[in-house]
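Below are the chains, spelled out letter by letter.
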Amino acid sequence: MILDYEPGDKVINPKNKDWGIGQVQSIIKEKVTVNFENVGKKVINANLIELIRTWSKMDLKEKKKIVLDLIGTFETASKLSLSLRKKGLKETIKEDNTPVTNGDLEVNKILIDKISELTPNIPIVSEETSLNKNLDNLSTFWLIDPIDGTYDYINNKDEFTLNAALIINKVPEIGIISAPAKNRLFYTYGDGNSFEIINDKAQLLNSKINTSDQKNIKAVSYSDKLKKEIKDVHDKFKVANYTKMKSSLKFCVVAAGEFDLYVAEPRASEWDIAAGDAILTNSGGSITDMDGKKIYYGKKDFKNPGIILKSARLNNGWTIKNYINYYSFSFHIRFDSLCNSKKLH
């Protein structure tokens, strides 16, 4: 097997023999041709280049299948998180002086095991493990935060979430967020395809259409007291009121049109926001840094800048895809209801 590699490509063993996968060994700096029938073990490791290219060109159907295959796992992990909390959590303090519980770790294992099964050659970066955090030039990879809002989780509050996002070319395209104590689950697999599961049925997020009061701008905030730079943004958008909220649930309620705006100073990590970014962006909303620039993932130390979240109606962001999906989705729901009422199936 002979393959041509371009500058920036990673050299790997495409046949998955016994060379190992997962850590970057070599980055091509000039065009080369590699004959894999004769190559030695100097060319080892890293993600399979064919698979990286395949995932980068993944179509909507493939993304949807991955998400739907993960929903059951999220539901199982969500129930486990509540069950473990009811029994009494075991808490320890990490090196960064933040708490972690047996619930965080068990949920983390469930999500990683299933994601590894679905996409075995894509690296996974999780808040609760060190695996892959030192890889350079991450472009296509998973970001997981098994429990976002651990303080709420420990203190029997209800805004903690489970999160996973697939980053493709440094942009989150797949996202799943579950809020177990609120019995809410959100997911997305592409532009115009963000949903919430309500009464066991997927409901398209349609904040652009659902929100009628264009003057009543509502925001969510991490704190009861706004810092000046955050208040300035609120004033710019003429925010009528704001509500304190924790975790990535903020992204979901903005995507659903229940709120319009969230502003935060640099504080969270990429795994805190990636799934919410995908859900919000694919619903027609937006997330940018404080200068209005797009957020990219795989940055050094996975640190975030300050961010601004806007709902679809505030962002004026519903695309043709959103409208087509909305009316098509509504038609199918009405048609199914008609068929059921007439006992056609």
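Just above sits the structure.
For clarity, every value in this text was computed on a predicted model and none was experimentally measured.

The rules behind these values
Residues numbered from 1 in each chain as written. Predicted model: local features only at pLDDT ≥ 70, side-chain atom pairs only at ≥ 80, totals over all residues. Heavy atoms only, no water. Phe/Tyr/Trp six-rings, centres within 6.5 Å; stacked < 30°, edge-to-face > 60°. Buried < 20%, exposed > 50% of the residue type's maximum accessible area, 1.4 Å probe, protein only. Lys NZ or Arg CZ within 6 Å of the ring centre and 35° of its normal. 1 Å grid on protein atoms, 1.4 Å probe; cavity = no way out; pocket = protein on both sides within 12 Å on 5 of 7 lines; lining within 4 Å. Points joined across faces, edges and corners; volume = space filled by probe spheres on them. Helix = DSSP H or I, 4+ residues; strand = E, 2+ residues; numbered from the N terminus. Nonpolar A, V, L, I, M, F, W, Y, C, P; charged D, E, K, R; others polar. Pairing = 2+ DSSP bridges. Axes fitted to C-alpha atoms, helices over the stretch in contact; angles between N-to-C directions. Contact = heavy atoms within 4.5 Å. Lys, Arg positive; Asp, Glu negative; His and termini not counted. Salt bridge = Lys/Arg side-chain N within 4 Å of Asp/Glu carboxyl O. Polar contact = N/O pair within 3.5 Å; in protein donor to acceptor, adjacent residues only side chain to side chain.

**Q** How would you sum up the packing of aromatic side chains? Please name residues and give values.
**A** All told, the structure shown has five aromatic pairs when counted by the stated rule. The interplanar angle of 20 degrees and the centroid separation of 6.5 Å between the aromatic rings of Y187 and Y189 together place this pair among those described as stacked. For the pair Y187 and Y189, a shared accessibility class is recorded, and that class is buried. Members of the aromatic cluster, joined through ring pairs, are Y187, Y189 and F195. Its guanidinium or amino end placed over the ring of Y222, K246 lies 5.3 Å from that ring's centre, counting from NZ or CZ. The ring of Y297 carries K299 above its face, with NZ or CZ at 5.4 Å from the centroid.

**Q** Please give an account of the layout of surface pockets that cites residues and values.
**A** Looking at the largest pocket, its volume works out to about 1,200 Å³. As for the largest pocket, its lining consists of 48 residues, of which D96, E127, S269, W271 and D272 are closest to the centre. Contributing elements (two or more residues each) for the lining of the largest pocket: β6 (141-148), α4 (150-154), α7 (249-255), β14 (261-264) and α8 (270-282). Here the residues of the lining of the largest pocket are counted per class, giving 16 nonpolar, 13 polar and 19 charged. The volume enclosed by the second largest pocket comes to roughly 310 Å³. Among the elements of the structure, α2 (60-87), β8 (171-179), β9 (184-190) and β10 (193-198) are those that each provide at least two residues to the lining of the second largest pocket. Tallying contributions element by element places α2 first for the lining of the second largest pocket, with four residues. When the residues that make up the lining of the second largest pocket are grouped by side-chain class, the tally is six nonpolar, four polar and five charged.

**Q** Which residues make up the sheet that holds β9, and what values go with them?
**A** Pairing is mixed in the open sheet, where seven strands are placed in the order β5-β6-β7-β8-β9-β10-β11. Unpaired on one side and paired on the other, β5 (124-126) and β11 (201-204) mark the two borders of the sheet. Put simply, the sheet's adjacent strands are angled 20 degrees from each other on average, direction ignored. Where strand β7 (residues 161-168) and β8 come together, seven bridges link them in antiparallel fashion. Within the sheet, the bridge partner assigned to A165 lies in β8 and is G175. Contacts from α2 reach β6, β7, β8, β9 and β10 within the one sheet, and its direction differs from that of β9 by about 160 degrees. The sheet strands contacting helix α3 (residues 102-118) are β5, β6 and β7, and the helix crosses β6 at an angle near 155 degrees.

**Q** I'd love a proper account of the sheet that holds strand β12 (residues 217-221), names of residues and values included.
**A** Spatial strand order, β13-β12-β14-β16-β15: five strands in an open sheet with mixed pairing. Either end of the sheet is taken by a strand with one partner, and the two such strands are β13 (239-244) and β15 (286-289). Here the strands of the sheet are splayed against their neighbours by 20 degrees on average, with no regard to which way each runs. For β12 and β13, the ladder comprises five bridges, and the chain directions are parallel. From the neighbouring strand, I217 faces β13, where its bridge partner is V239. Packed onto the sheet, helix α6 (residues 228-236) meets β12, β13, β14 and β16 (307-310) and runs at close to 155 degrees relative to β14. Its contacts with the sheet place α8 against β15 and β16, and it is angled at close to 130 degrees to β15.

**Q** Tell me about the side chain of D104, and please be specific about residues and values.
**A** In this structure, D104 sits in helix α3. Buried within the structure, D104 lacks any salt-bridge partner; its nearest side chain of opposite charge belongs to K94, at an N-O separation of 6.4 Å. At 2.6 Å, the side chain of D104 forms a polar contact with the side chain of T101. A polar contact is formed between the side chain of D104 and the side chain of T150, at a distance of 3.1 Å. In contact with D104, other than residues within four places in its own chain, are E128, P146, I147, T150 and Y153.

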